[in-house]
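Breakdown of the fold
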Amino acid sequence: VSVDGSPWFSIREALEMLQQKGHEVVVVASEVSMHIRASENFVMKMYPVPYTKEDTDNAFKAYFNITFEDGSFFERFFKGVEGTKRFTDFWFSSCRHLLQNKELMSYLEESKF
C-alpha cells in the first residue's frame, strides 16, 4: 500500500527493482492520487474515496499559500495546523474507504497480499 506524494518516487523505484527480479508487484492506491500512476511494472488496484483531485489540489495550494500570507506568526501557525488537519482527514478517509471496500479486501485476502 503506497504513500502518495514525494515518498512514492522512492517506493516506485524499489517496486521496479522487485519486478525486475521476478516478483509480482501489486500497488493499492485510492483513485485520487497526486503521483501514483499505472505502470507496466506493477498491477494497480484502486479504490474510490469521497473527495476529488480538485479537493486535494485546493488543500495543498491553501496550505502552501499560508507561508506568504500577512498576519502574525500565531495566525499563520494555526492556519497551518488546520491545513495539516485537513490532510490528515483525507488520509484517514482514504484508509477507512480502503478497509471498507469488501471487493478489494477479498482480493487482497485471497491473494495473500
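Residues numbered from 1 in each chain as written. Predicted model: local features only at pLDDT ≥ 70, side-chain atom pairs only at ≥ 80, totals over all residues. Heavy atoms only, no water.

What about the packing of helix H2 (residues 53-65) against helix H3 (residues 73-99)?
- Two numbers describe how H2 lies on H3: the axes approach to 10 Å, and their chain directions differ by 160 degrees. Taken as axis vectors, H2 and H3 run roughly antiparallel relative to one another. As for how H2 packs across H3, the hand of that crossing is left-handed. The residues of H3 that touch H2, namely those facing Asp 55, Thr 56, Ala 59, Phe 60 and Tyr 63, are Gly 80, Gly 83, Thr 84, Arg 86, Phe 87 and Phe 90. (Axes fitted to C-alpha atoms, helices over the stretch in contact; angles between N-to-C directions. Helix = DSSP H or I, 4+ residues; strand = E, 2+ residues; numbered from the N terminus. Parallel < 35°, antiparallel > 145°, perpendicular 65-115°, else oblique. Left-handed = near helix turned anticlockwise from the far one by under 90°. Contact = heavy atoms within 4.5 Å.)

Examining the packing of aromatic side chains
- In this structure the tally under the stated criterion is 10 aromatic pairs.
- With a centroid separation of 5.3 Å and 80 degrees between ring planes, the pair formed by Tyr 63 and Phe 87 is classed as edge-to-face. With Tyr 63 in helix H2 and Phe 87 in helix H3, this residue pair connects regions lying 24 residues apart in the sequence.
- Arranged with centres 5.4 Å apart and planes meeting at 70 degrees, the rings of Phe 73 and Phe 74 form a pair that is edge-to-face.
- Members of the aromatic cluster, joined through ring pairs, are Phe 60, Tyr 63, Phe 64 and Phe 87.
- Sitting above the plane of the Tyr 107 ring, Lys 45 keeps its charged end 4.1 Å from the centroid. (Phe/Tyr/Trp six-rings, centres within 6.5 Å; stacked < 30°, edge-to-face > 60°. Lys NZ or Arg CZ within 6 Å of the ring centre and 35° of its normal.)

Comments concerning the side chain of Asn 101
- Mapped onto the elements, Asn 101 comes out in the loop between H3 and helix H4 (102-110).
- By relative accessible area, which is 17% here, Asn 101 ends up buried.
- The residues touching Asn 101, leaving out its near neighbours within four places in the chain, are Tyr 47 and Pro 48. (Buried < 20%, exposed > 50% of the residue type's maximum accessible area, 1.4 Å probe, protein only.)

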